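Read off the chains here:
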Amino acid sequence: MDFLFIGNNLASDFVNTEVVGSNDRIDLLHSPDSLLQWFNAACSDSLSVKLCDKDLIDAKELRSSIRRAFERAVESNPLLQEDIDLLNERSNMLVRVLKSSNDSYKLEYRLDSGADLLARIATACCELLASTKLKSLRKCASDKCILYFVDTSKNQQRQWCSMETCGNREKVRKHYDKTKSR
Ligand SMILES: [Zn+2]
């Protein structure tokens with residue numbers, strides 16, 4: 001299954017590495033390699049960081065905290081302190097480095113290890129939680145779906161992760177209900 005990039009944010013796209021198949025949850029991060037593939041796809045990068053099993057375990061722990069934070073945020077419930085602590089701990093590891101390129105310099109995030117990648121994701125989550133964009137964070141309106149996105153549409157009416165999947169299913173269901181009640 002391909003990665004989904006419908007979240008409009010690095011943190012929501014990261015949460016969306018867990019999807020619901022026909023019934024069960026499917027985890028698209030099944031190896032350290034798949035974590036790196038996801039990161040490179042998400043950031044249009046081509047890093048070749050060596051990741052280990054521990055990085056994958058840490059990534060899933062971070063993802064659980066972000067999911068819980070999102071679940072609570074969209075319900076306007078306060079975040080759990082343990083999730084805030086983990087996000088801070090991970091985010092605090094983000095390091096920026098000055099690099100020279102030709103005759104100028106650029107400031108970049110250090111992305112040399114699994115901890116660096118997770119720090120980048122955690123920071124994106126902290127920035128989202130602390131910004132006005134948080135009120136545009138939504139869970140897909142389908143009960144069965146577990147995908148999150150930041151609604152960047154002008155009218156702020158986006159309900160579905162995708163019109164092709166959940167949105168279409170709902171349209172078909174409504175149509176079916178209508179024809180049945182005739
Ligand atoms: Zn959906």
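Here, the structure is the one placed above.
Fair warning: this is a prediction, and the values are worked out from it, not measured in the lab.

1. What about the overall build of the protein chain?
Stage number 1. Within the protein chain, the secondary structure is distributed over 6 helices and 6 strands.
Stage number 2. Going from N to C terminus, the protein chain has its helices and strands arranged as α-β-β-α-α-α-β-β-α-β-β-α.
Stage number 3. With respect to the principal axes defined by its C-alpha atoms, the protein chain has extents near 70 × 40 × 30 Å.
Stage number 4. Taking all 182 residues of the protein chain together, the buried fraction comes to 26%.
Stage number 5. Of all intrachain contacts in the protein chain linking residues separated by at least 6 positions in sequence, the fraction that spans at least 24 positions is 55%.

2. A word on the packing of helix α3 (residues 53–74) against helix α5 (residues 114–129)
Stage number 1. Where α3 meets α5, the closest approach of the two axes is 10 Å, and the angle between their N-to-C directions is 5°. The orientation of α3 relative to α5 falls into the category roughly parallel. In this structure, α3 contributes Asp55, Asp58, Ala59, Leu62, Ile66, Ala69 and Ala73 to the contact, and α5 contributes Gly114, Leu118, Ile121, Ala122, Cys125 and Leu129.

3. Side note on the nonpolar core
Stage number 1. Membership of the largest hydrophobic core comes to 34 residues, with the highest contact counts inside it found for Ala11, Leu62, Ile66, Leu118, Ile121, Ala122 and Cys125.
Stage number 2. Mapped onto this core, the elements with two or more residues apiece are α1 (10–15), α2 (32–42), α3, α4 (81–91), α5 and β6 (148–150).
Stage number 3. Of the residues forming this core, the biggest block, 9 residues, is contributed by α5.
Stage number 4. For Ala11, the residues in contact, after removing those within four places along its chain, are Ile66, Ile121, Ala124, Cys125 and Leu128.

4. Focus: the pairing of strand β4 (residues 104–109)
Stage number 1. Within β4, only 0 of the 6 residues are buried, leaving the element largely exposed.
Stage number 2. Relative to β4, strand β3 (residues 96–101) runs antiparallel, the two being bridged by 6 bridges. The partner of Lys99 across the bridge, within β4, is Lys106.
Stage number 3. Between β3 and β4, which follow one another and run antiparallel, lie 2 residues, and Asn102 among them has a positive phi close to 50°.

5. As for α2
Stage number 1. Those residues of α2 that fall on the buried side of the exposure criterion are Leu35, Leu36, Trp38, Phe39 and Ala42. Buried residues of α2, seen end-on, are gathered within an arc of 160° and therefore sit on one face of the element.
Stage number 2. Packed against the buried residues of α2 are α1, α3 and α5.

6. Observations regarding unusual backbone geometry
Stage number 1. Not every positive phi belongs to a glycine, and Ser44 is a case in point at roughly 45°.
Stage number 2. Relative to the helices and strands, Ser44 is located in the loop between α2 and α3.
Stage number 3. The exposure class assigned to Ser44 is exposed, which follows from the 6 C-beta atoms found within 10 Å.
Stage number 4. Residue Asn102 is not a glycine yet carries a positive backbone phi of 50°.
Stage number 5. Mapped onto the elements, Asn102 comes out in the loop between β3 and β4.
Stage number 6. Judged by local crowding, Asn102 falls into the exposed class, with 5 C-beta atoms found within 10 Å.

7. Digging into the packing of α3 against α4
Stage number 1. As a packed pair, α3 and α4 sit with axes 9 Å apart at the nearest point and diverge in direction by 130°. Considered as vectors, α3 and α4 are oriented oblique to each other. Where α3 crosses over α4, the two elements pack in a sense that is left-handed. On α4, the residues touching Leu62, Ser65, Arg68 and Ala69 of α3 are Asp83, Leu86, Leu87 and Arg90.
Stage number 2. Its residues placed into classes, the contact of α3 with α4 shows 4 nonpolar, 1 polar and 3 charged.

8. Considering α3
Stage number 1. Relative to the 32 Å expected for 22 residues at 1.5 Å per residue, α3 spans 32 Å between its end C-alpha atoms, a close match to the ideal helical length.
Stage number 2. Its buried side turned inward, α3 meets α1, α2, α4, α5, β5 (137–139) and β6.
Stage number 3. Of the residues one or two after α3, Ser76 is the one with positive phi, at around 60°.

Conventions used here
Residues numbered from 1 in each chain as written. Predicted model: local features only at pLDDT ≥ 70, side-chain atom pairs only at ≥ 80, totals over all residues. Helix = DSSP H or I, 4+ residues; strand = E, 2+ residues; numbered from the N terminus. Buried ≥ 20, exposed ≤ 12 C-beta atoms within 10 Å, placed from the backbone. Contact = placed C-beta atoms within 7 Å. Axes fitted to C-alpha atoms, helices over the stretch in contact; angles between N-to-C directions. Parallel < 35°, antiparallel > 145°, perpendicular 65-115°, else oblique. Core = buried A, V, L, I, M, F, W, Y, C linked by C-beta atoms within 7 Å. Pairing = 2+ DSSP bridges. Arc of directions from axis to C-beta. Left-handed = near helix turned anticlockwise from the far one by under 90°. Nonpolar A, V, L, I, M, F, W, Y, C, P; charged D, E, K, R; others polar. Expected span 1.5 Å × (residues − 1).

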